[in-house]
Structures are given as C-alpha cells and as structure tokens.
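Chains, contacts and geometry: an overview
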Amino acid sequence: VVLPLSGLVVVSDADGTEGMMTVTIEVVRASVTIPQETVEWSNAVLLSGSGTLDSAVSFKAPAAVCQALVDAALIVPATDFSGLAEIIVTATDNEGAQAIITVPIRVNEVNDAPTISTPSAVAVTRGVGGPVNLGTITVFDPEAAAP
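Please read these numbers as outputs of a predicted model, since none were measured by experiment.

All right, on to unusual backbone geometry then. For residues that are not glycine, phi is negative in most cases, and the peptide bond is trans in most cases. For Arg29, which is not glycine, the phi dihedral falls at a positive 60 degrees. You can see Arg29 is positioned in the loop between β2 (20-28) and β3 (30-33). Look at Asp80: it is not a glycine, yet its phi comes out positive at around 60 degrees. For Asp80, the location among the structural elements is in the loop between β6 (74-77) and β7 (83-93). The class for Asp80 is exposed, based on a relative accessible area of 66%.

Okay, the packing of aromatic side chains next. Applying the stated criterion to the full structure yields one aromatic pair. Arranged with centres 5.9 Å apart and planes meeting at 80 degrees, the rings of Trp41 and Phe59 form a pair that is edge-to-face. With Trp41 in the loop between β3 and β4 (45-48) and Phe59 in strand β5 (residues 56-62), this pair connects stretches of sequence that are 18 residues apart. In this structure, Trp41 and Phe59 share a single accessibility class: buried.

Here Asp54 is to be found in the loop between β4 and β5. Buried and unpaired, Asp54 has Arg29 as its nearest opposite-charge partner, separated by 18 Å. When residues no more than four places from it in sequence are discounted, the contact partners of Asp54 are Val27, Ala30, Ser31, Val32 and Gly49.

Residues of the protein chain with pLDDT of at least 70 account for 96%, and the chain-wide mean is 87. The least confident element of the protein chain is helix α2 (residues 142-145), whose mean pLDDT is 70; the most confident is β3, at 96.

Across 10 bridges, β7 lies against strand β8 (residues 98-107) in antiparallel orientation. In the sheet register, Ala85 faces β8, and the bridge partner there is Ile105. The hairpin turn running from β7 into β8, its antiparallel successor, is four residues long, and Gly96 in that turn takes a positive phi close to 95 degrees.

With that settled, the discussion passes to the sheet that holds β6. In space, the three strands of this open sheet follow the order β1-β6-β3, with antiparallel pairing throughout. The open sheet has two edge strands, β1 (3-4) and β3, and neither has a second partner. Relative to β6, β1 runs antiparallel, the two sharing two bridges. The partner of Pro4 across the bridge, within β6, is Leu74.

Of note, Ala97 is situated in the loop between β7 and β8. As for Ala97 and Ala14, which are separated by 83 residues in sequence, their C-alpha atoms are 9.4 Å apart. Contacts of Ala97, omitting those with residues within four sequence positions, involve Ala91 and Thr92.

Moving on, we get to a nonpolar patch on the surface. Together, Ile116, Val122, Val124, Val132, Leu134, Ile137 and Val139 make up an exposed nonpolar region whose accessible area comes to about 670 Å². According to the relative accessible area criterion, Ile116 is exposed, its value standing at 64%.

Another point: the side chain of Thr33. Locating Thr33 in the fold gives a position in strand β3. Engagement of the side chain of Thr33 in a polar contact is seen with the backbone nitrogen of Leu53, the distance being 2.8 Å. In this structure, Thr33 is in contact with Gly51, Thr52, Leu53, Ala72, Ala73 and Leu74, ignoring residues within four places of it in sequence.

Reading guide: rules and limits
- Residues numbered from 1 in each chain as written.
- Predicted model: local features only at pLDDT ≥ 70, side-chain atom pairs only at ≥ 80, totals over all residues.
- Heavy atoms only, no water.
- Helix = DSSP H or I, 4+ residues; strand = E, 2+ residues; numbered from the N terminus.
- Buried < 20%, exposed > 50% of the residue type's maximum accessible area, 1.4 Å probe, protein only.
- Phe/Tyr/Trp six-rings, centres within 6.5 Å; stacked < 30°, edge-to-face > 60°.
- Lys, Arg positive; Asp, Glu negative; His and termini not counted.
- Salt bridge = Lys/Arg side-chain N within 4 Å of Asp/Glu carboxyl O.
- Contact = heavy atoms within 4.5 Å.
- pLDDT = per-residue confidence, 0-100.
- Pairing = 2+ DSSP bridges.
- Patch = residues over 30% accessible without salt bridge, like charges linked within 9 Å, V, L, I, M, F, W, Y side chains within 5 Å.
- Areas by Shrake-Rupley, 256 points an atom, 1.4 Å probe, with all protein chains shown as cover.
- Polar contact = N/O pair within 3.5 Å; in protein donor to acceptor, adjacent residues only side chain to side chain.

So, in structure tokens, the structure goes:
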C-alpha cells in the first residue's frame, strides 16, 4: 500500500513571501519516499534523510518547490502493520515561524496468505523400501502469530 501526500498537505508561507522554507516530513509506523526523479530536487537542498524509505526527511527550498516535493512524497506503512500511523509535516520559514500538522492514517488489516516451507530435496534410494523421511515441513499463518 502506498499513500501519496499530494492533495493532503498544503505548504505555503502565510506572509505571502514565497521565500525559502524548511520542510520536514516525519512518519510514525511508516516510511516516506520522495522519488529521485522528481524534478524539484534540483532546486532543493536535502538536509536529512536520503529521500528513500526514511522515517523522516527534511529539505530546504522555495515554497513552491517545497509544495511540489510534498506532493511527490509517498508514504508506505511498515510491513505487516495495521492500526494508526501518522504523518507529521513541519514547515519553517526564513524568519523562524513554524507550522506543524499531524495527519493520522488508518492502516487496515489485510489477510496475509499462509506459507509452507519444505526441504529443498528428499533423497530416496530406488529399490529400497521403507518409510521416506520428508524432513521438516513448516506451515505458518501470519494472522495466527499476531498478538
């Protein structure tokens, strides 16, 4: 499941001065990716994180570029997680004024398929009777293992 931030969060400078801003996108029980192909990266400075599967990423750029990067952000819930995740976006302008918004995201449970693992091979001798040892066969249901 991938959730695009486009349209969920609007970043702007209330003073109307479209100057430089610092934006941090932090996620709880998820990761954030801003694809490297996003053209706006060439007009921004990455301050923290890598931009790929981070728990938080910060960048500095003009307000319009910040908005484009926020719109390009993709949120991926943690593997096998269901429940409440959060996206926290902080925007700070050059004068130090700051706005913070927290967006709760409900991640619904899905039915994961059970798995079966078997030995890679079983050796038998032709012409010799008797029981065949199949080794260990393991059956696992992820939902049955959940607390």
